Amino acid sequence: MTKMPKAITELAAILGALPGIGPKSANRLAVYMATNGQNNAENLQRILSDVKSQVRICKLCGNLSEEALCDVCADSDRDQKTVMVVETPMDLLQVEQTGEYNGAYLVLGRLISPINGIGPDSVNIASLNERLQGGGIEEIILALTSTVEGEATGLYISNLVRDAAPDIKVSKLARGLPTGVGIEYLDKETLKGALEGRRESN
Ligand SMILES: [Zn+2]
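Keep in mind the model is a prediction, meaning the values are calculated, not measured.

Rules used in this analysis
Residues numbered from 1 in each chain as written. Predicted model: local features only at pLDDT ≥ 70, side-chain atom pairs only at ≥ 80, totals over all residues. Heavy atoms only, no water. Donors = N, O, S within 2.8 Å, 3.2 Å for Na, K, Ca; no water. Tetrahedral: all angles 85-135°; square planar, octahedral: opposite > 155°, others 65-115°. Helix = DSSP H or I, 4+ residues; strand = E, 2+ residues; numbered from the N terminus. Buried < 20%, exposed > 50% of the residue type's maximum accessible area, 1.4 Å probe, protein only. Pairing = 2+ DSSP bridges. Right-handed = clockwise from strand over helix to strand, strands pointing away. Salt bridge = Lys/Arg side-chain N within 4 Å of Asp/Glu carboxyl O.

### Let's talk about the coordination of the zinc ion
Part 1 of the reasoning: Summarising the metal site, the zinc ion is bound by the protein donors Cys 58 (SG), Cys 61 (SG), Cys 70 (SG) and Cys 73 (SG), whose distances to it range over 2.3 Å.
Part 2 of the reasoning: Coordination at the zinc ion is tetrahedral: its four donor atoms span angles of 103 to 116° at the metal.
Part 3 of the reasoning: Between consecutive donors of the zinc ion, the numbers of intervening residues give the motif C-x2-C-x8-C-x2-C. Placement of Cys 58 in the loop between strand 1 (56–57) and strand 2 (64–65) and of Cys 73 in helix 4 (residues 71–74) is noted, with a sequence separation of 15 residues between them. Each member of the pair, Cys 58 as well as Cys 73, is classed as buried.

In structure tokens:
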């Protein structure tokens with residue numbers, strides 16, 4: 001039985017590890033790049049190196065940025081007293097697109113998942129502690145998916161805030177969001193409603 005060249009198999013393995021790409025699509029993409037996609041492959045190589053050299057993580061909130069501080073954190077017109085906790089920069093973008101939120105963010109990068117060995121130390125939470133100590137925050141809004149991981153992460157953050165700064169209100173998006181659906185996939189109206197109808201977390 002003939003085999004694919006090793007480099008193709010490796011490329012397919014890397015592509016297959018990306019979110020939303022199954023093994024078949026990964027193989028198809030890898031083969032395409034090797035056969036028809038010379039230009040694509042070169043562009044991809046260039047853009048990957050740009051992403052690596054030009055994109056960083058905002059030191060305050062964890063959002064993607066070209067500068068040390070992202071646009072949101074650097075914007076003095078934003079209400080820095082309210083901090084919305086989201087999982088990914090895509091979630092942040094989706095909230096921004098509702099046009100209904102003018103506060104700051106904390107982008108966790110991933111959710112706490114004990115079953116997968118992801119503890120709080122692997123999540124961008126430490127910076128929240130510093131922000132809480134710094135004072136000035138009045139409300140933390142948990143905008144996390146309604147999954148076991150989302151709930152566990154929300155609970156961890158609620159407890160952390162309660163211990164560090166009991167005066168700070170912790171709220172959650174309104175109930176009734178579809179279970180297991182990422183914030184980035186919610187349509188604007190649903191997200192807007194969930195934000196307006198947010199309630200104190202318990
Ligand atoms: Zn930021």
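Next comes the rest of the description.
### Remarks on the pairing of strand 3 (residues 79–86)
Part 1 of the reasoning: The pairing of strand 3 with strand 4 (residues 103–107) spans five bridges and is parallel. Note that in strand 4 the partner of Val 86 across the bridge is Val 107.
Part 2 of the reasoning: Taken together, strand 3, helix 5 (residues 89–98) and strand 4 constitute a β-α-β crossover, and its handedness is right-handed.
Part 3 of the reasoning: Strand direction decides the pairing type here: strand 3 and strand 5 (residues 139–142), joined by four bridges, are parallel. Paired with Thr 82 across the two strands is Glu 139, which belongs to strand 5.

### Focus: the pattern of salt bridges
Part 1 of the reasoning: Following the criterion strictly, the structure yields seven salt bridges and no others.
Part 2 of the reasoning: Across the pair Arg 46 and Asp 50 runs a salt bridge whose closest N-O atoms are separated by 3.8 Å. Linking Arg 46 with Asp 50, this pair stays in helix 3 (residues 38–54), spanning four residues, or about one helical turn.

### Quick word on the sheet that holds strand 5
Part 1 of the reasoning: Spatially, five strands are ordered 4-3-5-6-7 in an open sheet, and the strand pairing comes out mixed. Of all the strands in the sheet, just strand 4 and strand 7 (199–200) have a single pairing partner and so form its edges.
Part 2 of the reasoning: Sheet topology note: the strand 5/strand 6 (residues 169–172) ladder contains four bridges and is parallel. Bridge pairing in strand 6 links Leu 142 to Lys 172.

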